[in-house]
Amino acid sequence: MAICMEVWGDYACFSRPEMKVERVSYDVMTPSAARGLVEAIYYHPGLRWRIDRIHVCSPIQFTNLRRNEVKAVANSRTAKTIMERGKGELYLDTTQEIQQRAALLLKNVHYVIEAHFEMTEDAAPGDNPGKFQDIVKRRLNRGQCFHQPYFGCREFPANFRNCSEIPPCPPELLGQRDLGWMLYDMDYSNPEDIQPRFFRGILNNGILDVPQWDSEEVRG
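Residues numbered from 1 in each chain as written. Predicted model: local features only at pLDDT ≥ 70, side-chain atom pairs only at ≥ 80, totals over all residues. Heavy atoms only, no water.

Undergrad: Is there a simple way to explain the packing of aromatic side chains in this structure?
TA: Describing an aromatic ring pair means giving the distance of the ring centres and the angle of the ring planes. Applying the stated rule across the entire model yields 10 aromatic pairs. With 6.1 Å between their ring centres and 45° between their planes, tyrosine 11 and phenylalanine 156 make a pair best called tilted. With a gap of 145 residues between them, tyrosine 11 in strand β1 (residues 2-12) and phenylalanine 156 in the loop between α4 (129-142) and β6 (159-162) connect regions that are remote in the sequence. The exposure class of phenylalanine 156 is buried, given its relative accessible area of 6%. Here the aromatic rings of phenylalanine 14 and phenylalanine 151 are separated by 6.2 Å at their centres, their planes lie at 90°, and the arrangement is edge-to-face. A residue pair is termed long-range when its members are at least 10 positions apart, and phenylalanine 14 in the loop between β1 and β2 (23-24) and phenylalanine 151 in the loop between α4 and β6 qualify at 137 residues. (Phe/Tyr/Trp six-rings, centres within 6.5 Å; stacked < 30°, edge-to-face > 60°. Helix = DSSP H or I, 4+ residues; strand = E, 2+ residues; numbered from the N terminus. Buried < 20%, exposed > 50% of the residue type's maximum accessible area, 1.4 Å probe, protein only.)

Dropping the structure here:
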């Protein structure tokens, strides 16, 4: 069962994993980011979302931004030690851990996401594709979501609506553009060894066709 969802916003950052310190965005939204947007509208353990294609409906524009970020993360080993001792500090002091980092972001983004879902073994006896399809379309039309959808980072919120007509391709994106290797999604089949999977992104007249998860085009 398929849906067509239009999303847009002021800024986006779909971070390249090879950039270790500064955030650098891909040129186009990744399938994993698109899945996250769809799941923000409707998530259920009885279905699994698959992204079919992403339409880029505005010119690809970058901008630079410097942001304050926390350089440390909460350490589970430290938390366990404090809990065993019964004293200590479990929080991060942002005045001590803050640092400035540069980011290369996308601006004025506008996409249409085409996706479908597959039923999973966790579906209840009363669940069926028609039921889920009606729920998703109703939530899109009403602007309902489980949490605010965002473009890569939570500070970049995404507007959304059900798409009845796909906007035309911007003239700048006509033709073919090689986007290089892009993150597809994380492989959670083995919870003890979660691995990223990649694919070669090709933009044809503003459309990024996403290969099937189990195809040879998707590599670990």
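Back to the write-up after that little detour.
Undergrad: Which parts of the structure should I look at to understand the nonpolar core?
TA: A general feature of soluble globular proteins is that nonpolar side chains tend to end up buried together. Counting residues in hydrophobic clusters, the biggest one holds 48 residues, and the most contacted among them are Val7, Phe14, Met29, Tyr111, Ile113 and Phe151. Secondary structure elements with two or more residues in this core: β1, α1 (31-41), β3 (47-56), β5 (98-119), α4, β7 (176-187) and β8 (195-204). Ranked by the residues each element gives to this core, the list is headed by β5, at eight residues. (Core = buried A, V, L, I, M, F, W, Y, C linked by side-chain atoms within 4.5 Å.)

Undergrad: Can you walk me through the side chain of aspartate 127 in this structure?
TA: Tracing the sequence through the fold places aspartate 127 in the loop between β5 and α4. A polar contact of 2.9 Å, which involves the side chain of aspartate 127, links it to the side chain of lysine 131. Discounting chain neighbours no more than four positions away, the residues touching aspartate 127 are His44, Met119 and Phe132. (Polar contact = N/O pair within 3.5 Å; in protein donor to acceptor, adjacent residues only side chain to side chain. Contact = heavy atoms within 4.5 Å.)

Undergrad: Explain unusual backbone geometry to me, please; I cannot follow it from the model alone.
TA: With the exception of glycine, the majority of residues adopt a negative phi angle, and the majority of peptide bonds are in the trans configuration. Of note in the backbone geometry, asparagine 108 takes a positive phi value of approximately 50° without being a glycine. Relative to the helices and strands, asparagine 108 resides in strand β5. Assessed through its relative accessible area of 41%, asparagine 108 is described here as partly exposed. Unlike most non-glycine residues, asparagine 205 shows phi in positive territory, near 50°. Mapped onto the elements, asparagine 205 comes out in the loop between β8 and β9 (207-209).

Undergrad: In this structure, what is going on with helix α2 (residues 76-85)? I would like to understand it.
TA: Each turn of an α-helix holds 3.6 residues, which means side chains three or four residues apart point in the same direction. The buried count for α2 comes to one of 10 residues, which makes it a mostly uncovered element. Downstream of α2 by a residue or two, glycine 86 has a phi angle that is positive, lying close to 80°.

Undergrad: When you look at α4 in this model, what are you seeing that I'm missing?
TA: A rise of 1.5 Å per residue sets the reference length of α4, with its 14 residues, at 20 Å; its end C-alpha atoms lie 20 Å apart and thus fit the reference within 8%. Every buried residue of α4 is listed here: Phe132, Gln133, Ile135, Val136, Arg139 and Leu140. Taken end-on, α4 shows its buried residues confined to a sector of 165°, consistent with a single buried face. Turned more than 90 degrees from where α4 packs its buried face, Asn141 and Arg142 sit exposed. (Expected span 1.5 Å × (residues − 1). Arc of directions from axis to C-beta.)

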